[in-house]
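Per-entry structural report
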Amino acid sequence: MINSVHVIVYSHEAEAVRAFFAKVLGWESVDAGGGWPIYALPPAELAVHPTEGPDRHELYLMCADLDATLAELKSHGVEAAEPISEERWGRITEVQIPGAGTIQLYQPAHPSPPRS
C-alpha cells in the first residue's frame, strides 16, 4: 500500500538548503521538472510517541557515529548548534542547515527494524 515517504523542507533560501543536501550530504537527486530536485533518502524508520502537548512531527537525521559525522560536517563548514546530549535512546545534537534552521542529528542506541 505505502511504498515510501516524501518529506518537504520549506525555506526562503531553498537553493542553500538544496546545496546542503547535494554537496554536504552527497544525496543524489532527480529533476522532477522545472529544476525541482527530489533527493533520494537513506533508509528511514518511524516512531510514534504519546504527548501531553500539541500533536507535532519531527525530522531526525540518523548516523552510526555522531562524533565522526560531526567532524565530517565540520569539514564542510557545518557546526553543531547544541552540545551533544546523552539520552537513554541515543546521542543527539542539532546542526544548522543553511537556509533552513536546525535539524536534529542522532546516533541511536535502540534497535532498528530490519530493512527489506
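Above this text you will find the structure in question.
Presented here is a report on the structure given in the accompanying data block. (Residues numbered from 1 in each chain as written. Predicted model: local features only at pLDDT ≥ 70, side-chain atom pairs only at ≥ 80, totals over all residues. Heavy atoms only, no water.)

Comments concerning the pattern of salt bridges
- A full pass over the atoms with the stated rule returns 4 salt bridges.
- Residue Glu-15 pairs with Arg-18 through a salt bridge whose shortest N-O separation is 2.7 Å. You can see Glu-15 and its partner Arg-18 sitting in helix H1 (residues 14-24), 3 residues apart, about one turn around the helix.
- Since its relative accessible area comes to 19%, Arg-18 is described here as buried.
- Of the charged contacts, one joins Glu-86 and Arg-91 as a salt bridge, the two residues approaching to 2.9 Å between their closest N and O atoms.
- When its relative accessible area of 55% is taken as the criterion, Glu-86 is described as exposed.
- Accessibility expressed as a relative area gives 18% for Arg-91, which makes it buried.
- Salt bridges linked by common partners bring Asp-67, Glu-86 and Arg-91 together as one network. (Salt bridge = Lys/Arg side-chain N within 4 Å of Asp/Glu carboxyl O. Helix = DSSP H or I, 4+ residues; strand = E, 2+ residues; numbered from the N terminus. Buried < 20%, exposed > 50% of the residue type's maximum accessible area, 1.4 Å probe, protein only.)

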